[in-house]
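Spelled out from the first residue to the last, the chains are:
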Amino acid sequence: MSPITIILLVITVILLAAVISLYILGKKSQKKKEEQDAQIAATAQTMSMLIIDKKRMRLKDAGLPAMVVEQTPKLLRLSKVPIVKAKVGPKVVTMICENSIFDSIPVKKEVKAIVSGLYITGVKGIRSNLEVKTKKKGFIARLRSKADAAQAAAPKKDKKK
């Protein structure tokens, strides 16, 4: 065998081992996530609250209790997480929000939220439905829609003469 084929075989074996290990790690983390979601769902409560402010900020700058900051992994302390300040009853509370619902939370409005500890997992409007923000169209999408509108408005010419 030539040296090139030996090098290619070694690289292939290393890549195969990396793919298999990533697959196994992915399965384990998927199981952990499912267990955590089950625990969150078991302790979930519905509360009405007035949303004061919402931001994405670092965990240590958010004003959460020291115990919460100590229990989080070091890498997560440096990353930005969605933080919501809300008035629950007479108290103003700082909570962590799920990424998927962060954009749908209205500011300065009263909502019913599904809360598990200091973690908001769901939001419903009390007096009306929540406004869903439409995603901004990109430049090319706007050009396509303008071209389609112009093409539809243009008079169609008959080819018969």
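Sequence order as written defines the numbering, with residues in each chain counted from 1. This being a predicted model, a pLDDT of at least 70 is required before a residue's local features are given, and a value of 80 or more before pairs of side-chain atoms are given or counted; all residues contribute to the totals for chains, interfaces and linings. Each side-chain value is derived from all of the structure's non-hydrogen atoms; neither hydrogens nor water enter the calculation.

(A) Region of the structure containing the overall build of the protein chain. Helix and strand labels come from DSSP, where a helix needs a run of H or I of at least four residues and a strand needs a run of E of at least two; each type is numbered from the N terminus. The secondary structure content of the protein chain amounts to 5 helices and 5 strands. Mapped in sequence order, the helices and strands of the protein chain form the string α-β-α-α-β-β-α-β-β-α. Whereas a compact globule of 161 residues would reach a radius of gyration of roughly 15 Å, the protein chain reaches 26 Å, over 25% beyond that. Seen along its three principal axes, the alpha-carbon backbone of the protein chain occupies a region of about 75 × 75 × 30 Å. Residue exposure (1.4 Å probe, protein chains only): buried if accessible area is under 20% of the type maximum, exposed if over 50%, otherwise partly exposed. Burial status across the protein chain gives 19% buried among its 161 residues. A contact between two residues is defined here by any heavy atoms of the two lying within 4.5 Å. Across the protein chain, every contact between residues at least 6 apart in sequence was considered, and the portion connecting residues at least 24 apart equals 55%. To get the radius of gyration, use the C-alpha atoms; to get the globule rule, take the number of residues to the power 0.38 and multiply by 2.2 Å.

(B) Just the nonpolar core, in detail. Formed by 15 residues in total, the largest nonpolar core has its most connected members in Met-49, Ile-51, Val-84 and Ile-120. For this core, the secondary-structure elements that each account for two or more residues are β1 (45-58), β2 (80-88), β3 (91-97), α4 (99-102), β4 (110-116) and β5 (119-125). The residues touching Val-84, leaving out its near neighbours within four places in the chain, are Ile-51, Asp-53, Lys-54, Val-93, Thr-94, Met-95, Cys-97, Phe-102, Ile-105 and Ile-120. Here the nonpolar core consists of buried residues drawn from Ala, Val, Leu, Ile, Met, Phe, Trp, Tyr and Cys, with membership extended through side-chain atoms lying within 4.5 Å. One finds Val-69, Val-81, Ile-83 and Ile-96 within the second-largest nonpolar core, a separate group that totals 8 residues.

(C) Local environment of the layout of surface pockets. In this structure, the largest pocket encloses a volume near 770 Å³. Buriedness for pockets is judged along seven lines, at least five of which must meet protein on both sides within 12 Å for an open set on the 1 Å grid over protein atoms alone, while cavities are sets there where a 1.4 Å probe fits but cannot get out, and lining residues have an atom within 4 Å of a point. Lining of the largest pocket is provided by 25 residues; of these, Gln-36, Ile-40, Leu-76, Ile-96 and Tyr-119 occupy positions nearest its centre. Looking at which element gives the most residues to the lining of the largest pocket, the answer is helix α1 (residues 3-42), with 5 residues. Grid points are joined across faces, edges and corners, and a volume is the space filled by probe spheres set on the points.

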